[in-house]
Amino acid sequence: MKGTVMRTVMTLLGLLAVATPAQAVPPQHELMTPATGVAARTDRRPVAGGVHDAAARRTFISWAGQFEDNYVQAYDHRTGTWSDPVRVASGDNDSHNYPTMIQAADGHLLVLRGLHNRELWVARSPQPHSIDGAWTDVNIAEGLGATYPMPFRTADGTIFVFFRETAGDFDPAYPTDTRPMKYVRSTDDGRTWQSSTALTGDRWAIAPLDRPDNMNEIYIGQLRYEPATLLHRERVGIVYTLAGGGPEGHLHDRYHRNVYYTAFDPASLTFRSAAGRSLGTSIDDADQEAYLKVVQTPLQTVNPRSPDYISLVGTTLGAAPFVAWMQLDAAGAVHTHAGIWSPFGGWRTREVATGVRIRDMEPAGPASWRVYATPADGTPGIGAYRLTAGTAWRYEATIATPKPVQRIEVIDDHRDPARLLATGASSERDVAVADGDIYVAGRPGP
């Protein structure tokens, strides 16, 4: 029965990819600027930039200002107005220490950040459904060594935060390019936490150790929470690439290679392949090479950090996982690729676009997603593109911005006109300079 369902799904995917009308009416967007000239450079991935709170009829966003300090703002959908920015925590002068925001089941807002390679912190709003008042800021001891926090909340209110550890900072037996993934979990709305090590007995959750090419670092490009459907259990799609010293030995982030997909089951704490094979509570190098690889890419001496840090993950028709990622050629041009998984042939990949940097995406139909991207040449504007069945790509619209944009996140449970959070690019890489704008875009209307 399950095989029949999957065959039907894949047949529909093929038909929809062919039948998507090129003349469809493009989406219209309006742009708001909640804060001007305040954003510093940030390395934030497209995860947990903001949330819509239906009970409060407000949208909450988080962003990084001067010195990477963490700020939040609120949009009141009843009045159409933005609050002033509220500083909730220090960013410790590091662009890696960006804020990520989720809302606990009790209504309190949580802003999580890593202090690069050292600590994981959580700032908590003093009141539910509000950013007002003095926030608490607590070190999560179980998050020792955290970089790049990526939080999500499950259907029963459990909160997970995935992050990367620089193993050599805590154990000299590991070289600098050993940087695996682990996570912490809270079942009481972010008040107390347990580490993945305590929960499973595994030191790390994703750890491709001792590779002969020295590519032992994990860069998760994106993770995406997916509620349970008739076709799969509650899960979290994860897309990642490897980094490390390559043929030059143990060096941090010298080269990138390959794209991998896995799905995390928060109920059993296990990982699965696109084909549904259980890999247990941790992934090693043998697992990822045998069951998780979407595409193998070469080590490049020119523009060696290819694939890019940011990649996207989703599911089509609730059944077929797909990913999108960027690669650089020798001239530095950006090429966007997409891959979709089929039970009849595994991963099918193709190049779909050039000249844009993909930033985030949202469902746009039963078999398509709307991908938001910025021009690769750094000029202003946000492009909206339709990706259907993981293979068919077409331009839809451009959202004009006064200045260039560096990061975009689709706001969780968004309500228009607050659909996208876009962080404007700072004029300098130094986080002491904060002159980028904060934009929010969405469809016109209440």
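From a predicted model like this one, the values you see are computed outputs, not experimental measurements.

**Focus on the sheet that holds strand S21 (residues 311-316)**
- Read from one edge to the other, the open sheet built from four strands follows the order S21-S22-S23-S24, with strand pairing classed as antiparallel. Whereas interior strands pair on both sides, the edge strands pair on one side only; in this sheet they are S21 and strand S24 (346-354). Each neighbouring strand pair of the sheet contributes to a mean axis angle of 25°, computed without reference to strand direction.
- Pairing of strand S23 (residues 334-342) with S24, which is carried by eight bridges, proceeds in the antiparallel orientation. When the sheet's bridge partners are listed, tryptophan 341 is paired in S24 with tryptophan 347.

**Concerning the pairing of strand S31 (residues 436-442)**
- Taking burial as the measure, the seven residues of S31 include seven buried ones, the bulk of the element.
- Here S31 shows two buried faces, one formed by Gly436, Ile438, Val440 and Gly442 and the other by Asp437, Tyr439 and Ala441.
- Strand direction decides the pairing type here: strand S1 (residues 30-39) and S31, joined by five bridges, are antiparallel. By the bridge assignment for S31, methionine 32 is matched with valine 440.

**Quick word on the nonpolar core**
- Formed by 39 residues in total, the largest nonpolar core has its most connected members in Phe162, Ile238, Tyr240 and Phe264.
- Only strand S8 (109-115), strand S9 (119-124), strand S11 (146-153), strand S12 (159-165), strand S14 (181-186), strand S16 (216-226), strand S17 (235-244) and strand S18 (255-265) provide two or more residues apiece to this core.
- Top element by residues in this core is S12. It accounts for five residues.
- Beyond its immediate stretch of four places on either side in the chain, phenylalanine 162 contacts Tyr148, Pro149, Met150, Phe152, Met181, Lys182, Tyr183, Leu223, Ile238, Phe264 and Phe271.
- Core analysis: the next-biggest nonpolar cluster, separate from the first, contains 21 residues, Leu328, Ala338, Ile340 and Val356 among them.

**Digging into the packing of aromatic side chains**
- Tallying each qualifying case throughout the model produces 20 aromatic pairs.
- Ring geometry for phenylalanine 160 versus phenylalanine 264: centroids 5.6 Å apart, planes at 75°, classification edge-to-face. Of the two residues, phenylalanine 160 is situated in strand S12 and phenylalanine 264 in strand S18; the sequence distance between them amounts to 104 residues. Summarising the burial analysis for this pair, phenylalanine 160 and phenylalanine 264 share the class buried.

**Some points on the side chain of arginine 370**
- By secondary structure assignment, the location of arginine 370 is in strand S26 (residues 368-375).
- Ignoring anything within four residues of it in the chain, the contact list for arginine 370 reads Pro27, Asp360, Met361, Glu362, Ala364, Ala384, Tyr385, Arg386, Glu396 and Arg443.

**Remarks on the confidence of the model for the protein**
- Taken residue by residue, the protein gives an average pLDDT of 92. The fraction at 70 or more is 94%.
- Segment residues 1-24 is flagged for pLDDT under 50; beyond a separation of four residues in sequence, or across chains, it makes 34 contacts in the model.

**Here we look at unusual backbone geometry**
- Cis geometry is found at the peptide bond from serine 306 to proline 307, where omega equals 10°.
- As for its position among the elements, proline 307 is in the loop between strand S20 (293-295) and S21.
- Even without being a glycine, aspartate 210 presents a positive backbone phi close to 60°.
- Mapped onto the elements, aspartate 210 comes out in the loop between helix H2 (196-200) and S16.
- The class of aspartate 210 is exposed, set by a relative accessible area of 71%.
- Despite not being glycine, leucine 269 shows a phi value in the positive range, around 60°.
- In this structure, leucine 269 sits in the loop between S18 and strand S19 (270-272).

**Side note on the side chain of glutamine 300**
- Locating glutamine 300 in the fold gives a position in the loop between S20 and S21.
- At 3.0 Å, the side chain of glutamine 300 forms a polar contact with the backbone oxygen of asparagine 303.
- Apart from residues lying up to four places away in sequence, glutamine 300 is in contact with Tyr255, Ser306 and Leu328.

**Topic: the sheet that holds strand S7 (residues 100-103)**
- Spatially, four strands are ordered S7-S8-S9-S10 in an open sheet, and the strand pairing comes out antiparallel. Every other strand in the sheet has two partners, leaving S7 and strand S10 (136-140) as the edge strands with one partner each. In this sheet, adjacent strand axes meet at a mean angle of 25° when their direction is disregarded.
- Relative to S8, S7 runs antiparallel, the two being bridged by four bridges. Residue pairing across strands places glutamine 103 opposite leucine 109, the latter belonging to S8.

**Observations regarding helix H3 (residues 285-292)**
- If you check which residues of H3 are buried, you get Asp285, Asp287, Gln288 and Leu292. Seen along its axis, H3 keeps its buried residues to an arc of 160°; they face one direction. Residues of H3 that are exposed and angled more than 90 degrees away from the buried face: Ala286 and Ala290.
- Where H3 starts, the residue carrying a side-chain oxygen 3.2 Å from the main-chain nitrogen of alanine 286 turns out to be aspartate 284.

**Thoughts on the environment of threonine 423**
- By secondary structure assignment, the location of threonine 423 is in strand S30 (residues 418-424).
- A relative accessible area of 3% places threonine 423 in the buried class.
- Measuring from C-alpha to C-alpha, the distance between threonine 423 and valine 38 comes to 9.7 Å, with 385 residues separating the pair along the chain.
- The residues touching threonine 423, leaving out its near neighbours within four places in the chain, are Ala39, Thr42, Arg44, Val405, Gln406, Arg407, Asp437 and Ile438.

What counts as what
Numbers given to residues run from 1 along each chain, matching the order in which its sequence is written. Only residues with pLDDT of at least 70 get local features here, since the model is predicted, and only at 80 or more are side-chain atom pairs given and counted; chain-wide, interface and lining totals rely on the full set of residues. Excluded from the side-chain calculations are hydrogens and water; all other atoms, namely the structure's heavy atoms, are used. Here a strand pair is declared whenever DSSP counts at least two bridges between the two strands. Counting from the N terminus, the helices are DSSP H or I runs at least four residues long and the strands are E runs at least two residues long. Note on geometry: axes are C-alpha line fits, over the in-contact stretch for helices, and angles between N-to-C directions span 0 to 180 degrees. Type-normalised accessible area, obtained with a 1.4 Å probe on protein chains alone, sets the label of each residue: buried when under 20%, exposed when over 50%, and partly exposed for intermediate values. The nonpolar core is taken to be a set of buried Ala, Val, Leu, Ile, Met, Phe, Trp, Tyr and Cys residues, with the residues joined through side-chain atoms within 4.5 Å. The criterion used for residue contact is that any of the two residues' heavy atoms lie within 4.5 Å. The rule is short: rings of Phe, Tyr and Trp, with Trp giving its six-membered ring, pair when the centres are within 6.5 Å, and they are stacked under 30 degrees, edge-to-face over 60, tilted in between. Note: pLDDT gives the predictor's confidence per residue, expressed from 0 to 100. What qualifies as a polar contact is a pair of N or O atoms within 3.5 Å, subject to a donor-acceptor requirement within protein and to the restriction that residues adjacent in sequence count only when both atoms come from side chains. Throughout, the arc means the angular range of directions from the helix axis out to the C-beta atoms.

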